[in-house]
Amino acid sequence: MSVALRIARRELAGGLRGFWVYALCLAVGAFAIAAAGSVTEGFDRGLQDQSRTLLGGDVEFVAAQRRASADERAVMDGLGRVSEVVNLDVMGARGDTRKQVDIRAVDGAFPLIGALSLSPAGAAAGPTLAKRDGVWGAAVSRSLLETFDADLGDAVDLGPVTVEIRAVLEATPDRVGAPGAFGPAALVALDAFIEAGRLTNGQLFRASYRVLLNEGAGGPPDAAIDAAIDAAAAAWGPAGLRARQPEDAVDGLRDALSMLNAFLAVVGVAALIAGGVGVAQATSAFLETRLEAIAALKALGADAAIIRAAYALQLSALAGVGAVGGVTLGALAPLALEAVAGARIPLDQKLGFSPGPVFLALLLAMLSAAFFAAPALGRARATKPAALFRGGLHENAAPTPRFERGAALAAGCALCAAAIATSARPPVTAGLLLGAALAYGVLRLAALGVKRAARAGARRRSGIVRIALSNLAGPQSLAPLIAPALGLGLALSTLIAGVQENLIRQLNETAPSNAPSLVFTQIPNQETAAFDAALAREGVDVSDVDAFRRAPIALARVVALNGAPIERDKIAESERWVVESEVALTYLADPPPEADITDGAWCPSPRAASASIEARSGPR
């Protein structure tokens with residue numbers, strides 16, 4: 001090994017011609033993987049620290065379509081300070097403008113953690129939301145002001161409550177981003193909607209009770225939260241309120257970040273694969289510059305192991321420089337992001353060095369280098385000295401030896417295993433790797449077809465065309481290398497553009513085309529006949545299921561699966577949303593036309609056996 005190391009050191013000291021292509025092919029993919037993982041991990045750390053603030057307390061208890069009973073409230077009051085927040089949608093109206101408004105009705109203790117940001121400066125929640133001269137106040141989003149063409153001091157009807165706009169809601173500690181980003185929003189006193197009778201049992205709303213636990217209760221924070229939830233569950237039984245912990249408040253954001261990280265990591269892996277073809281070509285070019293040295297070493301008696309070790313050390317050093325350069329830039333990406341856009345990102349960030357993603361990117365880059373470089377190295381060290389002196393690996397090289405084939409196969413398997421095992425979306429990454437392998441095979445076959453066609457065409461041409469076709473068909477043709485490199489690079493670009501275009505089309509075309517033109521909600525059950533009659537007078541055919549559908553809706557929660565109580569930890573993360581919040585359910589006596597009953601029968605009543613329904617089309 002000392003001989004091989006001495007040879008490698010002297011060889012590298014002689015120059016690095018062709019090194020930059022080799023290094024850049026690895027650096028690009030390593031940068032993408034390290035940057036995606038580092039940024040995601042930084043945001044994840046920030047979310048972890050912000051989870052209590054986003055939840056609004058240490059524990060949150062949630063009820064659907066009702067408020068907590070006196071006994072339930074007494075249990076919560078015994079745990080610590082409590083704040084009640086009710087979320088509901090109402091129809092806002094001012095003049096001729098009518099628009100749905102997202103309402104948060106809060107009590108005087110809100111928020112338990114953090115502070116509201118209101119303008120004008122100095123505005124406080126208490127005076128802003130208080131009832132003055134018989135009129136309740138409200139803090140509203142800027143989107144509400146724009147929608148209703150309103151200003152401070154104007155009145156707007158929010159369902160059954162008329163409020164005076166007294167402040168602009170700039171930010172709330174338990175929400176990410178600007179209020180009203182998805183539609184008009186308003187913050188109103190809870191008593192306003194209680195007084196209007198809008199929060200009676202059975203109406204559509206969610207009541208949340210945030211609890212700031214008594215200091216020292218239950219021991220350390222996690223133990224205190226578990227103790228509080230257990231105490232509430234023991235007092236209420238299975239019909240009580242649903243409990244949420246701080247980590248539940250950031251699960252949705254974590255899923256979004258995980259999806260973004262998965263996409264960017266897939267891009268990085270794809271870049272390593274596409275660049276790997278360039279690595280193979282650059283390895284051959286690098287070894288071409290060392291042919292005389294390899295031939296001399298073999299002629300002087302150097303065995304295969306020494307030559308393999310000497311040039312493997314050189315290629316590893318060059319690959320390490322490229323990979324380290326890429327991961328260094330990737331590790332600095334969070335700092336660059338914070339410097340450029342930190343103040344405009346609505347999430348708390350703890351952006352800094354993240355060793356996990358950096359090590360993963362370095363590992364994948366080195367495995368990619370080994371996979372694509374090993375065959376060329378094997379052919380160079382196995383070729384006879386006389387052939388090497390005549391020059392040209394392509395026309396004189398021996399077949400790839402068994403050792404290098406095994407090393408390349410092992411590196412390729414390790415690359416795939418590491419990429420899949422560390423991916424947030426393993427099936428996506430596995431599919432990409434399989435697709436890349438198939439694409440590479442197809443492109444290699446296409447390149448061989450091009451060589452054969454060029455050979456046939458060269459016989460019937462003359463001049464420059466004959467020379468070009470002969471070079472393309474000759475033993476030193478670059479078609480088998482360039483075709484996969486360009487093809488995979490183009491495939492990567494097409495993949496990114498295609499995903500982006502399909503997402504945009506899904507949002508802009510598919511979703512609107514499947515969505516109903518107009519939706520009416522919260523129609524009292526006793527008023528449905530009058531509502532249908534009103535629509536019929538407006539020309540709506542209420543008997544046509546393609547033009548009009550009406551269904552009862554209820555907010556429910558899943559408490560058991562196949563008769564067994566829900567155990568959250570045993571449910572896949574991608575499916576936990578079903579048990580972590582109330583689910584909006586509709587129920588119909590007859591199945592809709594597009595329903596495809598795959599098992600069982602349609603439920604004629606709540607007591608009938610359930611059916612597995614797959615809605616093939618239409619809004620869900």
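Given the structure is predicted, the values throughout are model-derived calculations rather than measurements.

## What to know about a nonpolar patch on the surface
Here's step 1: A cluster of nonpolar residues, Phe31, Leu329, Leu332 and Leu335, forms a patch on the protein surface that exposes about 370 Å² of accessible area.
Here's step 2: Its location among the elements puts Phe31 in helix 2 (residues 19-55).
Here's step 3: Note on Phe31: relative accessible area 36%, which makes it partly exposed.

## A closer look at the confidence of the model for the chain
Here's step 1: Across the chain, pLDDT averages 78, with 80% of residues at or above 70.
Here's step 2: The low-confidence segment residues 607-620, where pLDDT is below 50, has 31 contacts with residues more than four positions distant or belonging to other chains.

## Some points on unusual backbone geometry
Here's step 1: A cis amide bond, omega -10 degrees, links Phe110 with the succeeding residue Pro111.
Here's step 2: Within the secondary structure, Pro111 is located in the loop between strand 3 (97-106) and strand 4 (117-119).
Here's step 3: The omega angle of the peptide bond from Ser119 to Pro120 is 10 degrees, so this bond is cis rather than trans.
Here's step 4: Among the structural elements, Pro120 can be located in the loop between strand 4 and helix 4 (125-129).
Here's step 5: Unusually for a residue other than glycine, Asp133 sits at a positive phi of about 55 degrees.
Here's step 6: Looking at the secondary structure, you find Asp133 in the loop between strand 5 (131-132) and strand 6 (135-140).

## Description of the pairing of strand 9 (residues 185-189)
Here's step 1: Along strand 9, 5 of the 5 residues are buried, which leaves the element largely enclosed by surrounding structure.
Here's step 2: What you see with strand 9 is no split at all: Ala185, Leu187 and Ala189 on one side and Ala186 and Val188 on the other are buried throughout.
Here's step 3: Note that strand 3 and strand 9 share 5 bridges and pair parallel. When the sheet's bridge partners are listed, Asp102 is paired in strand 9 with Ala185.
Here's step 4: Summarising the sheet, strand 6 and strand 9 pair through 3 bridges and their orientation is antiparallel. If you follow Ala139 over to strand 9, its bridge partner there is Leu187.

## A few points about helix 3 (residues 70-79)
Here's step 1: The set of residues buried in helix 3 consists of Glu72, Met76 and Leu79. One side of helix 3 carries all its buried residues, which in axial view fall inside an arc of 50 degrees. Turned more than 90 degrees off the buried face of helix 3, the exposed positions are Ala70, Asp71 and Gly78.
Here's step 2: Elements that come into contact with the buried residues of helix 3 comprise strand 1 (59-64), strand 2 (80-94), strand 10 (206-213) and helix 7 (221-236).

## Regarding a positive patch on the surface
Here's step 1: Together, Arg452, Arg455, Arg459, Arg460 and Arg461 give the surface a local cluster of positive charge.
Here's step 2: In this structure, Arg461 sits in the loop between helix 16 (426-458) and helix 17 (463-473).
Here's step 3: With a relative accessible area of 45%, Arg461 lands in the partly exposed category.

Cut-offs used in this document
Residues numbered from 1 in each chain as written. Predicted model: local features only at pLDDT ≥ 70, side-chain atom pairs only at ≥ 80, totals over all residues. Heavy atoms only, no water. Patch = residues over 30% accessible without salt bridge, like charges linked within 9 Å, V, L, I, M, F, W, Y side chains within 5 Å. Areas by Shrake-Rupley, 256 points an atom, 1.4 Å probe, with all protein chains shown as cover. Salt bridge = Lys/Arg side-chain N within 4 Å of Asp/Glu carboxyl O. Helix = DSSP H or I, 4+ residues; strand = E, 2+ residues; numbered from the N terminus. Buried < 20%, exposed > 50% of the residue type's maximum accessible area, 1.4 Å probe, protein only. pLDDT = per-residue confidence, 0-100. Contact = heavy atoms within 4.5 Å. Pairing = 2+ DSSP bridges. Arc of directions from axis to C-beta. Lys, Arg positive; Asp, Glu negative; His and termini not counted. Charge placed at Lys NZ, Arg CZ, Asp CG, Glu CD.

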